[in-house]
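Geometric and topological summary
So you can see what is in the structure, the chains are spelled out below.
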Amino acid sequence: MSKTAVSTENAPKPPAMFSQAVRKGNLLQVAGQVGFDPATGAIVGDDVAGQTRQTFRNIEAVLAEAGSSLADAIMVRVYLTDTAHFAPFNEVYNELIGDAPHAARTTVYVGLPGELLVEIDVLCVLD
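Parameters at a glance
- Residues numbered from 1 in each chain as written.
- Predicted model: local features only at pLDDT ≥ 70, side-chain atom pairs only at ≥ 80, totals over all residues.
- Heavy atoms only, no water.
- UniProt positions renumbered as here; feature names shortened; annotations may be inferred.
- Core = buried A, V, L, I, M, F, W, Y, C linked by side-chain atoms within 4.5 Å.
- Buried < 20%, exposed > 50% of the residue type's maximum accessible area, 1.4 Å probe, protein only.
- Helix = DSSP H or I, 4+ residues; strand = E, 2+ residues; numbered from the N terminus.
- Contact = heavy atoms within 4.5 Å.
- Salt bridge = Lys/Arg side-chain N within 4 Å of Asp/Glu carboxyl O.
- Pairing = 2+ DSSP bridges.
- Right-handed = clockwise from strand over helix to strand, strands pointing away.
- Axes fitted to C-alpha atoms, helices over the stretch in contact; angles between N-to-C directions.

As annotated in an unreviewed UniProt entry, the chain carries the name RidA family protein and is attributed to Amycolatopsis balhimycina DSM 5908. Taken directly from UniProt, the Sequence similarities (unreviewed entry) text for the chain runs: "Belongs to the RutC family."

Note on soluble globular proteins: their nonpolar side chains tend to be buried together. Core analysis: the largest hydrophobic core is formed by 27 residues, its most contacted members being L28, V76, F89, I120 and V122. Looking at this core, the elements that each hand over two or more residues are strand 3 (27-33), helix 1 (48-65), strand 4 (73-80), helix 2 (86-97) and strand 6 (118-125). The residues touching L28, leaving out its near neighbours within four places in the chain, are V6, A21, V22, R23, L63, A66, S68, V122, L123, C124 and L126.

With that settled, consider the pattern of salt bridges. Inspection of the entire model under this criterion finds three salt bridges. A salt bridge links K13 to E9; the shortest N-O distance between them is 2.9 Å. Neither K13 nor E9 differs from the other in exposure class; each is exposed. A salt bridge links R77 to D121, with the nearest nitrogen and oxygen atoms 2.8 Å apart. Residue R77 is found in strand 4, and its partner D121 is found in strand 6; the two are separated by 44 residues along the sequence.

Next up on the list: the pairing of strand 5 (residues 104-109). Of the strand pairs in this sheet, strand 4 and strand 5 are connected by six bridges, and their pairing is parallel. Pairing of Y79 across the sheet is with V108, part of strand 5. Regarding topology, helix 2 serves as the crossover connection from strand 4 to the parallel strand 5, and that connection is right-handed.

Glancing now at the sheet that holds strand 1 (residues 3-6). With mixed pairing, the six strands of this open sheet are ordered in space as 1-2-3-6-4-5. The open sheet has two edge strands with one neighbour each: strand 1 and strand 5. Across the sheet, the mean angle from the axis of one strand to that of its neighbour is 15°, orientation sign disregarded. Both strand 4 and strand 6 contribute to a ladder of seven bridges, which runs antiparallel. Residue L80 lies in a different strand from strand 6, and its bridge partner there is V118. Sitting on the sheet, helix 1 is in contact with strand 1, strand 2 (21-24), strand 3, strand 4 and strand 6, with an inclination near 30° to strand 6. Docked against the sheet, helix 2 engages strand 4, strand 5 and strand 6, running at close to 150° with respect to strand 5.

Next comes the structure, spelled out in structure tokens:
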């Protein structure tokens, strides 16, 4: 079973030599996405809520390119730069994820480059 890279112009290009996502069999791993506008490369949003919304737009673009959606997610890893961002992040997260069964989620506090406040990667199982 081979691995297939997933790439779309509707999400930012990775800054290093990795794919936006990789599929192997029915597993799809979306690489960490951040709040960059794919057209301009600029950060969208000056707070965690705005950056989270853009990050999810980028994730959804990669998932769509792979024939998937957040409904296929079984694990979401969130990287925040400040524990104070947890509540506003959660508001946006819960709004965007909706009422479907929520995937497992891990939240880690890290340092991110520049003015980035949030990074998210997603693991999906496809039918």
